[in-house]
Amino acid sequence: MSVTTNHVKRAFKYRFYPTDAQAAELSRTFGCVRKVYNLALAARTQAWARQERVNYNATSVMLTAWKKTEELAFLNEVSSVPLQQALRHLQTAFTHFFAKRAKYPRFKSRKKSRKSAEYTTSGFRFRDGEVTLAKMTGPLDIVWSRPLPEGAKPSTVTVSQDAAGRWFVSLLCEDPAVKPLPATDAAVGIDVGLDHLLTLSTGEKITNPRHERRDRARLAKAQRELSRKAKGDGTNRAKARRKVAKVHARIADRRRDMLHKLTTRLVRENQTLVIEDLTVRNMVKNHTLARAISDASWSEFRSLLEYKATWYGREVIAVDRFFPSSKLCSACGTLQDKMPLSVRTWTCDSCGTTHDRDVNAANNLLAAGLAVTVCGAGVRPQRSSPDGQSATKQKTPRREP
């Protein structure tokens, strides 16, 4: 989602119900998009081994040549627009890799990768509230659950199908309704947890709804049924796999809905929001807590909070993960030697103040975040990790192929 001084480009996602012909066409397109992406990735990887440079323009020329071969002639049967977009997405993936924002691009799997295709303006027609994609005679049967902004003209249309078999269309439009909110002096520290999803420096605690736990019995039953099916591409196994996916989709939908409402409220009420810069990827390696951490979805919470803050002119500050927010007395600043997770309430030996562990941590995060804004915007407090290294690792830059 991109932001400028005048407008915001926002994706509006809807369910739709394709005809049999449309579903077949889209399934072919998904397959061709995956094939082109993998071919281009293989070509760039091989060129990198030979120390040769291959970029988007080079892979675009390769695509033209692939279409002329007998083996890949089927690529001509689908719209060329999503195929070109697949090459652009690969170029973006390499850009993120060389900027050290992501790992090396991976090949797309037929069973595990997301099924999607992106159409730019030359690949679809939007007229009278109907979307018609290239190579299709009729419009998509979209359920317009909310209106598009008045006078909106989509710049891209992305069609996808999830593991549960549901079809979605996402329209990227300019939304003039999203504008910076009036400035306020309110600031809040936010401590994430498992007993309570969030604890605010105001003392408010937001209950962890534990969406996955509520459907755990249903999920376990669906997984048992799947495990009994013979492995392979059989129809019965596909049906059982879809049942498991539907339970996961139900869990994810409820979780996302709750996080959207929560982050919107926090951004509207506060000018400055201070969070902890957690490395969730490493935390889920703890097999005792991995399931609960994944269900809490701290990474998604942070992502939603950050882009909404950008939309509405708010500021999100991430305090370094080695900052001892739980062990530091927010009243006198005394640092405790130990603070096991089992300790939820403690009393400071120096000033005698009794603290709720999570509220104290949120207050310390808020104080650290406000100190950052005074010392210099965008600076994160850095502390050494237990192994003596800085939290920010230094790596030698890679040369782009």
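Criteria and cut-off values
Residues numbered from 1 in each chain as written. Predicted model: local features only at pLDDT ≥ 70, side-chain atom pairs only at ≥ 80, totals over all residues. Heavy atoms only, no water. Pairing = 2+ DSSP bridges. Helix = DSSP H or I, 4+ residues; strand = E, 2+ residues; numbered from the N terminus. Axes fitted to C-alpha atoms, helices over the stretch in contact; angles between N-to-C directions. Contact = heavy atoms within 4.5 Å. Patch = residues over 30% accessible without salt bridge, like charges linked within 9 Å, V, L, I, M, F, W, Y side chains within 5 Å. Areas by Shrake-Rupley, 256 points an atom, 1.4 Å probe, with all protein chains shown as cover. Salt bridge = Lys/Arg side-chain N within 4 Å of Asp/Glu carboxyl O. Lys, Arg positive; Asp, Glu negative; His and termini not counted. Charge placed at Lys NZ, Arg CZ, Asp CG, Glu CD. Buried < 20%, exposed > 50% of the residue type's maximum accessible area, 1.4 Å probe, protein only. Expected span 1.5 Å × (residues − 1). Polar contact = N/O pair within 3.5 Å; in protein donor to acceptor, adjacent residues only side chain to side chain. Parallel < 35°, antiparallel > 145°, perpendicular 65-115°, else oblique. Left-handed = near helix turned anticlockwise from the far one by under 90°. Nonpolar A, V, L, I, M, F, W, Y, C, P; charged D, E, K, R; others polar. UniProt positions renumbered as here; feature names shortened; annotations may be inferred. Phe/Tyr/Trp six-rings, centres within 6.5 Å; stacked < 30°, edge-to-face > 60°. Lys NZ or Arg CZ within 6 Å of the ring centre and 35° of its normal.

**Considering the sheet that holds strand 8 (residues 196–200)**
Inference 1: Strand order in the open sheet made by the five strands is 9-8-7-10-11, with mixed pairing throughout. Either end of the sheet is taken by a strand with one partner, and the two such strands are strand 9 (205–207) and strand 11 (315–320). With direction set aside, neighbouring strand axes in the sheet form an average angle of 25 degrees.
Inference 2: Relative to strand 11, strand 10 (residues 272–277) runs parallel, the two being bridged by six bridges. Looking across to strand 11, one finds that Ile275 is bridged to Ala318.
Inference 3: Its contacts with the sheet place helix 6 (residues 235–269) against strand 7 (187–192), strand 8, strand 9 and strand 10, and it is angled at close to 0 degrees to strand 8.

**What about a positive patch on the surface?**
Inference 1: Residues Lys115, Lys221, Arg224, Arg228, Lys229, Lys239, Arg241, Arg242, Lys243 and Lys246 make up a contiguous surface patch of positive charge.
Inference 2: Mapped onto the positive patch, the elements with two or more residues apiece are helix 5 (216–227) and helix 6.
Inference 3: The element that contributes the greatest number of residues to the positive patch is helix 6, accounting for five residues.
Inference 4: When you line up the elements, Arg241 lands in helix 6.

**Things to note about the pattern of salt bridges**
Inference 1: Applying the stated rule across the entire model yields 20 salt bridges.
Inference 2: Measuring nitrogen to oxygen at the nearest pair gives 3.0 Å for the salt bridge that ties Arg10 to Asp175. Of this pair, Arg10 sits in strand 1 (residues 8–15) while Asp175 sits in strand 6 (residues 167–175), and the two are 165 residues apart along the sequence.
Inference 3: Residue Asp175 is classed as buried on the basis of its relative accessible area, which comes to 5%.
Inference 4: Where salt bridges share partners, they join Asp162, Arg166, Asp253, Arg256 and Glu300 into one cluster.

**Some remarks on helix 3 (residues 80–98)**
Inference 1: Across its 19 residues, helix 3 extends 28 Å between first and last C-alpha, which sits within 8% of the 27 Å expected from 1.5 Å per residue.
Inference 2: In this structure Ser79 caps helix 3, since a side-chain oxygen of it lies 3.3 Å from the backbone nitrogen of Val81.
Inference 3: In the stretch just after helix 3, Lys100 is the one whose phi turns positive, near 65 degrees.

**Considering the sheet that holds strand 6**
Inference 1: What the four strands build is an open sheet, ordered 1-6-5-2; its pairing is antiparallel. Each edge of the sheet is formed by a strand with only one pairing partner; in this case those strands are strand 1 and strand 2 (115–120). On average, adjacent strands in this sheet sit at an angle of 20 degrees to one another, irrespective of strand direction.
Inference 2: Bridging between strand 5 (residues 156–161) and strand 6 involves six bridges; their strand directions are antiparallel. Its bridge partner being in strand 6, Gln161 is matched across the sheet by Trp167.

**Points about the packing of helix 6 against helix 9 (residues 298–311)**
Inference 1: In the contact formed by helix 6 and helix 9, the axes pass within 9 Å of each other and the chain directions differ by 40 degrees. As summarised for this structure, helix 6 and helix 9 are arranged oblique, according to the angle between their axes. Relative to helix 9, the crossing made by helix 6 is right-handed. Residue-level contacts link Arg255, Arg256, Leu259, His260, Leu262, Thr263, Thr264, Leu266 and Val267 of helix 6 to Glu300, Phe301, Leu304, Leu305, Tyr307, Lys308 and Ala309 of helix 9.
Inference 2: In terms of residue class, the contact of helix 6 with helix 9 is made up of nine nonpolar, three polar and four charged.

**Looking at the environment of Leu273**
Inference 1: Of note, Leu273 is situated in strand 10.
Inference 2: Taking the C-alpha atoms as reference, Leu273 lies 6.2 Å from Glu315; in sequence the two are 42 residues apart.
Inference 3: Apart from residues lying up to four places away in sequence, Leu273 is in contact with Val188, Ile190, Leu266, Val267, Leu305, Arg314, Glu315, Val316 and Ile317.

**Some remarks on the UniProt feature "domain: Cas12f1-like TNB" (unreviewed entry) in the protein**
Inference 1: UniProt records the feature "domain: Cas12f1-like TNB" (unreviewed entry) for residues 298–365 in the present numbering.
Inference 2: Its end C-alpha atoms 16 Å apart, residues 298–365 is made of 34% helix and 18% strand.

**Some remarks on the packing of aromatic side chains**
Inference 1: For the structure on display, the rule yields ten aromatic pairs.
Inference 2: Relative to Trp167, the ring of Phe30 lies with its centre 5.9 Å away and its plane at 25 degrees, an arrangement referred to as stacked. In this pair, Phe30 is assigned in helix 1 (residues 20–49) and Trp167 in strand 6, connecting sequence segments 137 residues apart. The burial state of Phe30 is the same as that of Trp167; both residues are buried.
Inference 3: Considering the side-chain rings of Trp311 and Tyr312, the 6.1 Å spacing of their centres and the 80 degrees angle between planes classify their relative orientation as edge-to-face.
Inference 4: Given a relative accessible area of 5%, Trp311 falls into the buried group.
Inference 5: Residue placement shows Lys13 over the ring face of Phe168; its charged tip is 4.7 Å from the ring centre.
Inference 6: Residue placement shows Lys108 over the ring face of Tyr37; its charged tip is 4.4 Å from the ring centre.

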